[in-house]
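Read off the chains here:
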Amino acid sequence: MDVKIQQQWKELLKSEFEKPYFKALVAELHNKKEAGEVIYPPGNLIFNAFELTPLDKVKVVILGQDPYHNVGQAHGLSFSVPDGVKLPPSLKNIYKEIENNLGISLQGKGGNLEGWAKQGVFLLNAILTVKAGEASSHSKIGWGEFTDAVISLLSERREGLVFMLWGNFAKNKKSLIDSSKHLVLEAAHPSPLAGGAFFGCRHFILCNNYLTSRGIEPIDWSK
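Residues numbered from 1 in each chain as written. Predicted model: local features only at pLDDT ≥ 70, side-chain atom pairs only at ≥ 80, totals over all residues. Heavy atoms only, no water.

Draft legend 1. Here's a closer look at the layout of surface pockets. Roughly 510 Å³ of volume is contained in the largest pocket. Forming the walls of the largest pocket are 25 residues, and the residues nearest its centre are D66, P67, Y68, S90 and H189. Considered class by class, the residues forming the lining of the largest pocket number ten nonpolar, 14 polar and one charged. (1 Å grid on protein atoms, 1.4 Å probe; cavity = no way out; pocket = protein on both sides within 12 Å on 5 of 7 lines; lining within 4 Å. Points joined across faces, edges and corners; volume = space filled by probe spheres on them. Nonpolar A, V, L, I, M, F, W, Y, C, P; charged D, E, K, R; others polar.)

In structure tokens form, the structure reads like this:
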């Protein structure tokens, strides 16, 4: 797998890419592809979150579980879909919470979150690939170890980040984050399966208030 990843991240993660588990992960993906398995997102977009949000530009981390597994949805950013693709239910609920927090309308906003990524919202999935039609199908091939290293790196190298951990899967990563240096926000997952428990978490206003208090430009969530 030819890793297409932004140069700063590439250098910082160089030692990770050389570890046996990562080499085994790459070999596993290659074998799956050779066997005819359809994998999302496309290879050139697996590291899209890294490509759009260099480490020194990160302000906020929103951790997802694994990519959408239906055709045309996954493009390497957690919770995001490409232009023209119908809004997934979780993203609809995220938009509702933003509207309630900030008193803005996201009516007509598409599901492509590149505008957030370019402002410093690192849209990281814990698992970076998936087999078409099978959620969590690549959860045991080594991605978890890799994204643990990424989260640890963010916690160590940066200060004053906002981590949004939604659902138990994301909350399990909390131990990797130094909460004396960063704001860690936890909530239920925005999926409708969580029964609306996500609503009222106020993460978006808490995030912007925190950034503003540190003299950092807040996120324009309408973009």
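Right, picking up where we left off after that structure.
Draft legend 2. View of the pattern of salt bridges. Applying the stated rule across the entire model yields six salt bridges. Across the salt bridge formed by K14 and E18, the nearest N and O atoms sit 3.2 Å from each other. Of the charged contacts, one joins K174 and E186 as a salt bridge, the two residues approaching to 2.8 Å between their closest N and O atoms. Here K174, found in the loop between α8 (167–171) and β6 (183–187), pairs with E186, found in strand β6; they are twelve residues apart in sequence, far enough to count as distant. Using a relative accessible area of 36% as the deciding quantity, one classes K174 as partly exposed. Judged by relative accessible area, E186 falls into the partly exposed class, the value being 36%. (Salt bridge = Lys/Arg side-chain N within 4 Å of Asp/Glu carboxyl O. Helix = DSSP H or I, 4+ residues; strand = E, 2+ residues; numbered from the N terminus. Buried < 20%, exposed > 50% of the residue type's maximum accessible area, 1.4 Å probe, protein only.)

Draft legend 3. Structural context of the packing of helix α5 (residues 89–102) against helix α9 (residues 203–213). Two elements in contact, α5 and α9, have axes whose closest approach is 7 Å; the angle formed by their N-to-C orientations is 55°. Judged by the angle between their axes, α5 and α9 are oblique. Residues I94, E97, I98, N101 and L102 of α5 pack against H203, F204 and I205 of α9. Each residue belonging to the contact of α5 with α9 can be placed in one class, and the counts come to five nonpolar, two polar and one charged. (Axes fitted to C-alpha atoms, helices over the stretch in contact; angles between N-to-C directions. Parallel < 35°, antiparallel > 145°, perpendicular 65-115°, else oblique. Contact = heavy atoms within 4.5 Å.)

Draft legend 4. Structural view of the sheet that holds strand β2 (residues 60–64). As summarised here, the arrangement of the four strands in space is β3-β2-β5-β6, forming an open sheet in which the pairing is parallel. Strands at the two margins of the open sheet, each flanked by one partner only, are β3 (121–125) and β6. When the angles between neighbouring strand axes are averaged without regard to direction, this sheet yields 20°. Here five bridges tie β2 to β3, and the two strands are oriented parallel to one another. (Pairing = 2+ DSSP bridges.)

Draft legend 5. Structural context of the environment of A117. Within the fold, A117 resides in helix α6 (residues 114–117). Looking at A117, the relative accessible area reads 1%, which means it is buried. Note: C-alpha distance between A117 and L52 (65 residues apart in sequence) is 6.0 Å. Among all residues touching A117, those that are not within four sequence positions of it are L52, T53 and L123.

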